[in-house]
Amino acid sequence: MSQYKVRLTDTTLRDGSHAMRHRFTEDQVRKVVRALDDAKVPVIEVTHGDGLAGSSFNYGFSAVDEMVLIQAAAEEANQAKIAVLMLPGLGTITELKEAHLRGAKVVRVATHCTEADVSIEHFHAARELGMDTVGFLMLSHRISPKELAAQARIMADAGCQCVYVVDSAGHMIMEDAADRVSALVDELQGDAEVGFHGHQNLSFGVTNSVYAVRAGATRIDGTLRGLGAGAGNSPTEVLAAAFERLDIETGVDVNALMYAAEEVLRPMITRMPIMDRASIMQGKVGVYNSFLLHAERAAERYGVAAHDILAEVGRRGYVGGQEDMIIDVAVWLQSQAR
Ligand SMILES: CC[C@H](O)CC(=O)C(=O)O
Ligand SMILES: [Mn+2]
């Protein structure tokens, strides 16, 4: 019997939505959910890339109302639970209740790593609805393992059943992930599980996930073909194959996942995330991956380089939710060039 057991969550239809500019159609969602469900992936996340109610001028409009997509996903899934992401303040309990009515069974409440207290009400509401609850501490590299563990404690005390170390910038390298996961496991003492969400900016998404599992994480995120924000996520099919080789039990069908990645998702992809100059810069300086497309748009508009914008955003320490301030940086860089 394997020493390690892990529950995979696939977020192609949420984090992958960033790379798709939030253009997934209902038919695409149905096909991807069917394929992931056939591969026995236990949790599938479906929402606008920025979570419930993310469809907006600031974050980019969804092609199809996310509630329609959530319901379609719930209709297609036989064994998988459908998860939704929410950022308190953007998504509210009103949207959470509607997502639940449409069939969502899991909510992942995402906050900046120092702001766990803004999730308390959302966890209370989700538990009252009978949903599974997950906390998502974004940009987890920005604070020490000990400080992160204190934030995880706030989430667990509010009713969160699994707290994730989230490498939103793909900045972490091996022990960065392991030390944070260990600190959370020590702090939570079984009051909540610990998860890990990796990105590929420095090509460590899968390796960091292995380190996270060995440090005690029991839930790991991925996306098919690594479709996701910035340089993309840890690819679910690679995680599954690597875990199989390492005797880490996932319960998924690796061949069915490879089919899902290659035959089902690949033809839908309009922009494949890569480790290019801008996304490597995000990993190097620790900038939120969701900023990439915003920086590219500002770069084109103001005639400056996206990687320069992202480097400056890193110096200024911006966090998720400050997307509009990327324009300030682009304007400032343009003025410096004159
Ligand atoms: C919108 C939140 C963000 O994309 C969540 C996430 O996947 C991350 O921080 O990596
Ligand atoms: Mn992500």
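Looking up the chain in an unreviewed UniProt entry gives the name 4-hydroxy-2-oxovalerate aldolase, with the organism given as Bowdeniella nasicola. The annotation that UniProt attaches to the chain under Sequence similarities (unreviewed entry) is "Belongs to the 4-hydroxy-2-oxovalerate aldolase family."

(A) Structural context of the coordination of the manganese ion (ligand 2). In this structure, D15 (OD), H197 (NE2) and H199 (NE2) serve as the protein donors to the manganese ion (ligand 2), at separations of 2.0 to 2.2 Å. Written as a sequence motif, the donor arrangement for the manganese ion (ligand 2) is D-x181-H-x1-H. In this pair, D15 is assigned in helix α1 (residues 15-19) and H197 in strand β8 (residues 193-197), connecting sequence segments 182 residues apart. Like D15, the residue H197 is buried in the burial classification.

(B) Looking closely at the side chain of E45. With respect to the helices, strands and loops of the structure, E45 is situated in strand β3 (residues 43-46). With a relative accessible area of 0%, E45 lands in the buried category. Engagement of the side chain of E45 in a polar contact is seen with the side chain of T11, the distance being 2.7 Å. Among the polar contacts made by the side chain of E45, one reaches the side chain of R108 at a distance of 2.7 Å.

(C) Inspection of the site of ligand 1 at higher detail. Near ligand 1 there are 15 residues, and of these R14, D15, H18, S168 and Y288 occur at the shortest range. A distance of 3.1 Å is found between an oxygen atom of ligand 1 and a side-chain nitrogen or oxygen belonging to H18. Calculation on ligand 1 without its partners gives an accessible area of 300 Å², and the protein chains cover 99% of this total. Of all the elements in the fold, those that place two or more residues in the shell around ligand 1 are α1 and β6 (132-138). Each residue belonging to the shell around ligand 1 can be placed in one class, and the counts come to six nonpolar, six polar and three charged.

(D) A look at the packing of helix α8 (residues 205-214) against helix α9 (residues 236-245). In contact at an axis separation of 10 Å, α8 and α9 are set at 50 degrees when each is read in the N-to-C sense. Judged by the inter-axis angle, α8 sits oblique to α9. In terms of crossing hand, the pair formed by α8 and α9 is right-handed. On the side of α8, the interface is formed by V206, S209, V210 and V213, while α9 contributes V238, L239, A242 and F243.

(E) Focus on the UniProt feature "domain: Pyruvate carboxyltransferase" (unreviewed entry) in the chain. UniProt tags residues 6-258 as "domain: Pyruvate carboxyltransferase" (unreviewed entry). Here residues 6-258 is 39% helix and 19% strand, with 18 Å between the C-alpha atoms at its ends.

(F) Inspection of the packing of aromatic side chains at higher detail. Going through the model one piece at a time under the given rule, you end up with two aromatic pairs. Arranged with centres 5.1 Å apart and planes meeting at 75 degrees, the rings of Y288 and F291 form a pair that is edge-to-face. With respect to class, Y288 is no different from F291; both count as buried.

(G) Here's a closer look at helix α11 (residues 277-285). When we look at burial in α11, the residues that qualify are A278, S279, M281, Q282 and G283. Of the surrounding elements, those touching the buried residues of α11 are α12 (292-302) and α13 (306-316). Phi turns positive, to about 80 degrees, at G286, one or two residues after α11.

(H) Region of interest: the sheet that holds β3. Taking strand neighbours around the barrel as the criterion, the eight strands line up as β2-β3-β4-β5-β6-β7-β8-β9 in a closed arrangement whose pairing is parallel. Ignoring which end each strand starts from, the neighbouring axes of this sheet average 25 degrees apart. With four bridges joining them, β6 and strand β7 (residues 162-166) adopt parallel strand pairing. Each bridged residue has a counterpart across the sheet, and for G135 the counterpart in β7 is V163. Packing of helix α7 (residues 175-188) onto the sheet brings it into contact with β7 and β8, and relative to β8 it is tilted by some 160 degrees.

The rules behind these values
Residues numbered from 1 in each chain as written. Chains lettered and ligands numbered in written order. Predicted model: local features only at pLDDT ≥ 70, side-chain atom pairs only at ≥ 80, totals over all residues. Heavy atoms only, no water. UniProt positions renumbered as here; feature names shortened; annotations may be inferred. Donors = N, O, S within 2.8 Å, 3.2 Å for Na, K, Ca; no water. Helix = DSSP H or I, 4+ residues; strand = E, 2+ residues; numbered from the N terminus. Buried < 20%, exposed > 50% of the residue type's maximum accessible area, 1.4 Å probe, protein only. Polar contact = N/O pair within 3.5 Å; in protein donor to acceptor, adjacent residues only side chain to side chain. Near = heavy atom within 4 Å. Areas by Shrake-Rupley, 256 points an atom, 1.4 Å probe, with all protein chains shown as cover. Nonpolar A, V, L, I, M, F, W, Y, C, P; charged D, E, K, R; others polar. Axes fitted to C-alpha atoms, helices over the stretch in contact; angles between N-to-C directions. Parallel < 35°, antiparallel > 145°, perpendicular 65-115°, else oblique. Left-handed = near helix turned anticlockwise from the far one by under 90°. Contact = heavy atoms within 4.5 Å. Phe/Tyr/Trp six-rings, centres within 6.5 Å; stacked < 30°, edge-to-face > 60°. Pairing = 2+ DSSP bridges.

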